[in-house]
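Given next are the chains, with one letter for each unit.
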Amino acid sequence: MAEELTPETPEETEDQPIKQRKNGLYQGVSDELAENMKSGWADTELRDLAPIPQAERTAARRAALSARFPGERLVIPAGKLKTRSNDTEYSFRASTEYAYLTGDQTQDGVLVLEPVKTGHRATIYLLPRSDRENGEFWLDGQGELWVGRRHSLTEAEQLLGIPAKDVRELPERLKEATGPVRVVRGHDAGIEAALVDKVTAERDEELRVFLSEARLVKDDFEIAELEKACAATARGFEDVVKVLDKAEATSERYIEGTFFLRARVEGNDVGYGTIAAAGPHACTLHWVRNDGAVRSGDLLLLDAGVETTELYTADVTRTLPINGRYTDIQRKIYDAVYEAQEAGIAAVKPGAAYRDFHDAAQRVLAEKLVEWGLVEGPVDRVLELGLQRRWTLHGTGHMLGMDVHDCAAARTEAYVDTTLEPGMCLTVEPGLYFQADDLTVPEEYRGIGVRIEDDILVTEDGNRNLSAQLPRRSDEVEAWMAALKG
């Protein structure tokens, strides 16, 4: 990684001597070099740009937001870079609320809806092109010669369909703002500081809740993105099956890396940390260390999802026999989870209670646990007391979209206590997990964890499994793996 010349902001480089890094190899810039770097650059402005594909939809989303909070100034930041270590940062991912309302994903951006007589006037505040005159483009750590070209404000207006202004002017404007203001918190400390005497936690939470609930029902653009995410995810699972021999020679990280390659080639990133859990690690629900051994005869629980370039993620789990064949006990447990998932998926339909799919899947698993003698029945007693949860552990699913656990800030009555509508997308993911140290189950069960997860879209007449490209039934999984391995 090349060494930046200076960490200063553009304003600092214009008004102050350039401060070099303590151990930088260049300790200054001559007047001649500074002057030379100002000129001799081609005009790279992009003209006659077409709006982004979702521009009409983001405009409609802003209109709905405007209607909900008339007469109030609304501030939605994209967020800032986060430091990983010293002077390196994590890859930037725009806040979901900002990307949902604008279609933009650039760091430091802020959407502001200012109240007017007819509703709101939207302005997007962005960093403009790097300044060539003051040397920002090559001297600042976030200058374009260091991190790449960004759109001019004019280009951004054409792409997003929103008037654009310089974000560096925004804090002072917000400090002078009058009237009620709401901000989406947790993404931009500078913007929040400018509004500290104008906002309340309660009012800001109402804004966050509204934007969360607005995403419960997906439009056609969003559904297409989720379909794309699921298709890429299915190819990522195929990639993993093809290299399981290499994973056996290394570790779970080979699996993680293999899937990550697909996510980066076909999308923006993974939508969440990949769970590549082999053997007893499958009993750890969020196993993301991925540093364990991959052994023939064990199961691999792979929970992974590709996030598209528009930030919609899949969330799929398959539990695969590493050598391609389930043992009798593995098949017994797997088939029980499959039966539970089938019951859960069947319960997903418009007008059904959101909780129905969870209740249906849990009943099947409770029946199996009673049948196997692991818990004393009757089944209704087991469910009433939640005794099955020792081995089922988690809820059977969640909303899915731009966040893997989408719409998380929604009110309970609008989420888990609501009824399903066409356009909602949720996961159905029952599991059974027998911990390696669980002395209440026979030894042959211990260390086996199974989860099967698919992304289910509620349709007008029922549901559609968006991740159906991947087989689920145990015999079909074995045949699929055998075909991929040739």
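Bear in mind the structure is a predicted one, so any value in this text is a computation, not a measurement.

### Things to note about the sheet that holds strand β9 (residues 275-278)
No. 1: Spatially, the three strands line up as an open sheet ordered β9-β10-β12, and their pairing is antiparallel. The open sheet terminates on both sides in strands that have one partner only, identified here as β9 and β12 (316-321). Neighbouring strand axes in the sheet, compared pairwise and without regard to direction, differ in orientation by 10° on average.
No. 2: Relative to β12, strand β10 (residues 299-304) runs antiparallel, the two being bridged by six bridges. Bridge pairing in β12 places Leu301 opposite Thr319.
No. 3: Where helix α13 (residues 252-266) meets the sheet, it contacts β9 and β10, and its direction lies at approximately 150° from that of β9.

### Here's the deal with the UniProt feature "domain: Aminopeptidase P N-terminal" (unreviewed entry) in the chain
No. 1: According to UniProt, the feature "domain: Aminopeptidase P N-terminal" (unreviewed entry) maps to residues 52-192 in the numbering used here.
No. 2: Secondary structure content for residues 52-192 is 33% helix and 22% strand, while the C-alpha to C-alpha distance between its ends is 29 Å.

### Quick word on the nonpolar core
No. 1: If you look at the biggest cluster of nonpolar residues, it comprises 93 residues, and the most contacted ones within it are Leu65, Ile76, Ile255, Ile333, Trp372, Leu432 and Phe434.
No. 2: Broken down by element, this core gets its largest block of residues, ten residues, from helix α11 (residues 220-242).
No. 3: Membership of the second largest hydrophobic core comes to 17 residues, among which are Ile345, Tyr354, Cys407 and Ala414.

### Observations concerning the pairing of β10
No. 1: Where burial is concerned, most of β10 is hidden: six out of the six residues are buried.
No. 2: Burial along β10 is two-sided: the residues Leu299, Leu301 and Asp303 and Leu300, Leu302 and Ala304 are all buried.

### Remarks on the side chain of Gln330
No. 1: Here Gln330 shows up in helix α14 (residues 328-346).
No. 2: From its side chain, Gln330 meets the backbone nitrogen of Thr327 in a polar contact 3.0 Å long.
No. 3: Excluding residues that lie within four positions of it along the chain, Gln330 makes contacts with Gly297, Asp298, Leu299, Arg325 and Ile448.

### Observations regarding the environment of Ala336
No. 1: Looking at the element boundaries, Ala336 is found in helix α14.
No. 2: Judged by its relative accessible area of 2%, Ala336 is buried.
No. 3: Non-local contacts of Ala336, meaning those with residues more than four positions away in its chain, are made with Val364, Leu365, Lys368, Trp372 and Leu432.

### With respect to the environment of Arg150
No. 1: Of note, Arg150 is situated in the loop between α6 (144-147) and α7 (153-160).
No. 2: For Arg150, a relative accessible area of 16% puts it in the buried group.
No. 3: Measuring from C-alpha to C-alpha, the distance between Arg150 and Thr106 comes to 8.5 Å, with 44 residues separating the pair along the chain.
No. 4: Those residues in contact with Arg150, other than ones at most four positions away along the chain, are Leu127, Pro128, Arg129, Ser130, Glu136, Gln142, Glu144 and Glu155.
No. 5: There is a polar contact of 3.4 Å between the side chain of Arg150 and the side chain of Ser130.

### Section: the sheet that holds strand β6 (residues 164-166)
No. 1: A sheet is described by the order of its strands in space; here five strands give the open sequence β6-β5-β4-β1-β7, paired in mixed fashion. Edge positions in the open sheet fall to β6 and β7 (181-183), since each of these has one partner strand only. Between one strand axis and the next, the sheet turns by 25° as a mean value, whatever way the strands run.
No. 2: Both strand β4 (residues 110-116) and strand β5 (residues 119-126) contribute to a ladder of seven bridges, which runs antiparallel. Directly across from Val110, in β5, lies its bridge partner Tyr125.
No. 3: Those strands touched by α7 are β5 and β6, and its axis lies near 150° from that of β6.

### Regarding unusual backbone geometry
No. 1: With an omega of 5°, the peptide bond between Gly377 and Pro378 qualifies as cis.
No. 2: Position of Pro378 among the secondary structure elements: in the loop between α15 (356-371) and α16 (379-385).
No. 3: Within the chain, Asp48 stands out as a residue other than glycine whose phi angle is a positive 55°.
No. 4: On the secondary structure map, Asp48 appears in the loop between α2 (31-36) and α3 (55-68).

### Some words on the confidence of the model for the chain
Detailed reading of the predicted coordinates is not advisable wherever pLDDT falls low.
No. 1: The predicted model of the chain averages 95 in pLDDT, with 96% of residues at 70 or higher.
No. 2: Mean pLDDT across the elements of the chain ranges from a minimum in helix α1 (residues 10-15), with 43, to a maximum in strand β16 (residues 454-459), with 99.
No. 3: Every residue in residues 6-14 is under pLDDT 50, and counting partners more than four places away or in other chains gives 18 contacts.

### Observations regarding the packing of aromatic side chains
No. 1: Scanning all chains against the criterion turns up eight aromatic pairs.
No. 2: Over the face of the ring belonging to Trp41 we find Arg132, whose NZ or CZ atom lies 4.9 Å from the ring centre.
No. 3: The residue whose ring lies beneath Arg132 is Phe137, and the NZ or CZ to ring-centre distance is 4.4 Å.

### Examining α11
No. 1: Look at α11: 34 Å from first C-alpha to last across 23 residues, which is about the 33 Å you get at 1.5 Å a residue.
No. 2: Measuring from the backbone nitrogen of Phe221 back to the side-chain oxygen at the start of α11 gives 3.1 Å, which picks out Asp219 as the cap.

### Some points on α3
No. 1: Taking 1.5 Å of rise per residue, 14 residues should cover 20 Å, and α3 covers 20 Å from first to last C-alpha, within 8% of that figure.
No. 2: Among the residues of α3, Ala55, Thr58, Arg61, Arg62, Leu65 and Ser66 are the ones counted as buried. Considered in projection along α3, the buried side chains sweep an arc of 140° and stay on one side of the axis. When the buried face of α3 is taken as reference, the exposed residues oriented beyond 90 degrees from it are Glu56 and Ala67.

### A closer look at the packing of α3 against helix α10 (residues 201-213)
No. 1: Contact geometry for α3 and α10: axes closest at 11 Å, N-to-C directions at 140°. Between α3 and α10, the angle is such that the two are oblique. When the axes of α3 and α10 are compared, the crossing they make is right-handed. Side by side, α3 and α10 meet where Ala64, Leu65 and Arg68 of the first sit next to Leu207, Phe210 and Leu211 of the second.

### With respect to the packing of α14 against helix α18 (residues 474-485)
No. 1: Where α14 contacts α18, the axes come no closer than 10 Å and their chain directions differ by 115°. Residues Arg331, Tyr334 and Asp335 of α14 lie in contact with α18, whose contacting residues are Ser474, Asp475, Val477 and Glu478.
No. 2: In terms of residue class, the contact of α14 with α18 is built from two nonpolar, one polar and four charged.

The rules behind the values
- Residues numbered from 1 in each chain as written.
- Predicted model: local features only at pLDDT ≥ 70, side-chain atom pairs only at ≥ 80, totals over all residues.
- Heavy atoms only, no water.
- Pairing = 2+ DSSP bridges.
- Helix = DSSP H or I, 4+ residues; strand = E, 2+ residues; numbered from the N terminus.
- Axes fitted to C-alpha atoms, helices over the stretch in contact; angles between N-to-C directions.
- Contact = heavy atoms within 4.5 Å.
- UniProt positions renumbered as here; feature names shortened; annotations may be inferred.
- Core = buried A, V, L, I, M, F, W, Y, C linked by side-chain atoms within 4.5 Å.
- Buried < 20%, exposed > 50% of the residue type's maximum accessible area, 1.4 Å probe, protein only.
- Polar contact = N/O pair within 3.5 Å; in protein donor to acceptor, adjacent residues only side chain to side chain.
- pLDDT = per-residue confidence, 0-100.
- Phe/Tyr/Trp six-rings, centres within 6.5 Å; stacked < 30°, edge-to-face > 60°.
- Lys NZ or Arg CZ within 6 Å of the ring centre and 35° of its normal.
- Expected span 1.5 Å × (residues − 1).
- Arc of directions from axis to C-beta.
- Parallel < 35°, antiparallel > 145°, perpendicular 65-115°, else oblique.
- Left-handed = near helix turned anticlockwise from the far one by under 90°.
- Nonpolar A, V, L, I, M, F, W, Y, C, P; charged D, E, K, R; others polar.

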